[in-house]
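# Residue-level structural notes
Residue strings, one per chain:
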Amino acid sequence: MFKSFLLFVSIFLFTESKLAAQSEDTLSIEVVNTGRLDTIKIAEFNSSKSDTGLLVGTIGCGIINYNKRKNIVLGSHLGAYLGGIVVLNEMWYKGADRTKFHFFNDNKEWNQMDKVGHAWSAYQLSRVSYATWKWAGYSDKRSAIYSSVSSALLMTTIETLDGFSERWGWSWGDFSANTFGSALFVGQHLLWEKQIISFKFSYRNVNYGDEAIDRRADVLFGTTLSERILKDYNGQTLWLSANLKDMFPKSNLPKWLNIAVGYGNKNLIGAGYNDWLDPVTGIEHFEGETYPRTRLFYLSPDIDFTKIKTNSRFLKGLFFALNAFKMPAPAMFLERGKLKFKAIHF
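Let me begin by describing the structure that accompanies this report. (Residues numbered from 1 in each chain as written. Predicted model: local features only at pLDDT ≥ 70, side-chain atom pairs only at ≥ 80, totals over all residues. Heavy atoms only, no water.)

## Comments concerning the overall build of the protein chain
Each helix and strand in the protein chain was counted, giving nine helices and ten strands. Every one of the 346 residues in the protein chain was classed for burial, and the buried ones make up 44%. For the protein chain, contacts bridging at least 24 residues in sequence account for 70% of all contacts bridging at least 6. Summed over all atoms, the accessible surface of the protein chain reaches about 18300 Å², with 61% contributed by carbon and sulfur. (Helix = DSSP H or I, 4+ residues; strand = E, 2+ residues; numbered from the N terminus. Buried < 20%, exposed > 50% of the residue type's maximum accessible area, 1.4 Å probe, protein only. Contact = heavy atoms within 4.5 Å. Areas by Shrake-Rupley, 256 points an atom, 1.4 Å probe, with all protein chains shown as cover.)

## With respect to the packing of aromatic side chains
The geometry of two aromatic rings is summed up by the distance between their centres and the angle between their planes. One pass over the full model with this rule turns up 22 aromatic pairs. Between Phe101 and Phe103, the ring centres sit 5.5 Å apart and the planes meet at 85 degrees, which makes this aromatic pair edge-to-face. Three or more aromatic residues joined by ring pairs make a cluster, and in this case those are Phe101, Phe103, Phe164, Trp170, Trp172 and Phe175. Between Lys70 and the ring centre of Tyr138, over which it is positioned, the NZ or CZ distance is 4.8 Å. Over the face of the ring belonging to Phe320 we find Arg127, whose NZ or CZ atom lies 4.2 Å from the ring centre. (Phe/Tyr/Trp six-rings, centres within 6.5 Å; stacked < 30°, edge-to-face > 60°. Lys NZ or Arg CZ within 6 Å of the ring centre and 35° of its normal.)

## Re the pairing of strand β5 (residues 257-266)
Consecutive residues of a regular strand have side chains that alternate between opposite faces of the sheet. Here seven bridges tie strand β4 (residues 236-243) to β5, and the two strands are oriented antiparallel to one another. Note that in β5 the partner of Ala242 across the bridge is Ile259. Where β5 lies against strand β8 (residues 294-303), ten bridges are found, and the strand directions are antiparallel. In the strand pairing of β8, Ile259 is matched with Pro301. (Pairing = 2+ DSSP bridges.)

## What about unusual backbone geometry?
The backbone of Gln112 shows a phi angle near 65 degrees, a positive value even though the residue is not glycine. Structurally, Gln112 is set in the loop between α2 (66-93) and α3 (113-135). With a phi angle near 60 degrees, Glu193 is a residue other than glycine that sits in the positive phi range. One can find Glu193 in the loop between α5 (172-192) and β3 (197-203). On the basis of relative accessible area, Glu193 is assigned to the exposed category, the value being 58%.

## Some words on the pattern of salt bridges
Within the structure shown, the criterion is met by eleven salt bridges. The partner of Lys115 in a salt bridge is Asp106, and the shortest N-O contact between them spans 3.1 Å. A relative accessible area of 8% places Asp106 in the buried class. Lys200 serves as the salt-bridge partner of Asp302, at 2.8 Å between the closest nitrogen and oxygen. Pair noted here: Asp302 is in strand β8 and Lys200 is in strand β3, with a separation of 102 residues, a long-range link. Each of Asp106, Asp114, Lys115 and Asp174 takes part in a single network of salt bridges with overlapping partners. (Salt bridge = Lys/Arg side-chain N within 4 Å of Asp/Glu carboxyl O.)

## A short note on the nonpolar core
Counting 25 residues, the largest nonpolar core has Met113, Trp120, Phe199 and Leu238 as the members making the most contacts within it. Among the secondary structure elements, those contributing two or more residues to this core are α3, α5, β3 and α6 (211-221). The dominant element in this core, judged by the number of residues it contributes, is α3, at five residues. Excluding residues within four positions of it along the chain, Leu238 makes contact with Met113, Val116, Gly117, Trp120, Phe199, Lys200, Phe201, Val261, Gly262 and Tyr263. (Core = buried A, V, L, I, M, F, W, Y, C linked by side-chain atoms within 4.5 Å.)

## Let's talk about α6
Turning to α6, its buried residues number three or more, namely Ala212, Ile213, Arg216, Ala217 and Phe221. Buried residues along α6 cover an arc of 135 degrees about the axis, so they all sit on one side. Turned more than 90 degrees away from the buried face of α6 sit Glu211 and Val219, all of them exposed. At its buried positions, α6 is contacted by α7 (225-231), β6 (275-277) and β7 (284-286). Between the side-chain oxygen of the N-cap and the backbone nitrogen of Ala212 there are 3.0 Å, and the N-cap of α6 in question is Asp210. Just beyond α6, the residue with positive phi is Gly222, at close to 90 degrees. (Arc of directions from axis to C-beta. Polar contact = N/O pair within 3.5 Å; in protein donor to acceptor, adjacent residues only side chain to side chain.)

This is the structure:
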């Protein structure tokens, strides 16, 4: 189900990144009046250091209607939620047989790549949701809590739809992964009021180099690049990317520099086993020894795009969206006990 979550997160990132980009555009001044924020005057301050070391800048006044912003955010959350469910129903559940609610244990499938993908999706949904709640004028703590609730509501709804689908079922493994992703985001904000560790995704196109396996991959993962990005676990890597400056604040390291630990796989030609019947030749393939299912563990430098300063709203939105993905970079990786190196890993 990671492919459906990735599809929805892409839609959510696109529709709300503009709001998220504005979340740090102004200096918010909270005015307590009847227990809530209303329409208030704010001042926007753009600053820089002069040659003498003094802080200089310009101040521009404006009006922020937080009630209007709250309505926009509530409406966008509701629209994204309903729209995402409709899209998933049309592209994923349509035509699938429905049944009574049931459970399905898929924890051993795909070497848990789908579970890590669920966690990434929940984390990214929380990240986008948090930025929009902040833009609406809520405190850091409230925004973090609201974002985790928003993410959990969507993910649990989709898992419930799985529970009524004959092909799948409610997966406690998926639910646990969803919970971990949301908790990773909200926990860091409640503890540090920022994200020291980011959850990221990367993809490389895989050339299987065997006619029979190519046909199998076409059946499992599709034939287009977009399908392969969403479905091919052999090409996906999921990363936990830590900001070095946040970890070592007294260092002279660039604020944008991260170090990332990644998890990927190779030779996954089936959910649980590499055995299949070739529909073209009628030959049964048992490729567990020829193509052993292999876990890969990576270490690579990365960039935290949100730490790159810019006054451009467009670039802020672009950097916010890009920070969901790991940038191509040199990488060391561990494969079956052997340490190897790649000049560039996507």
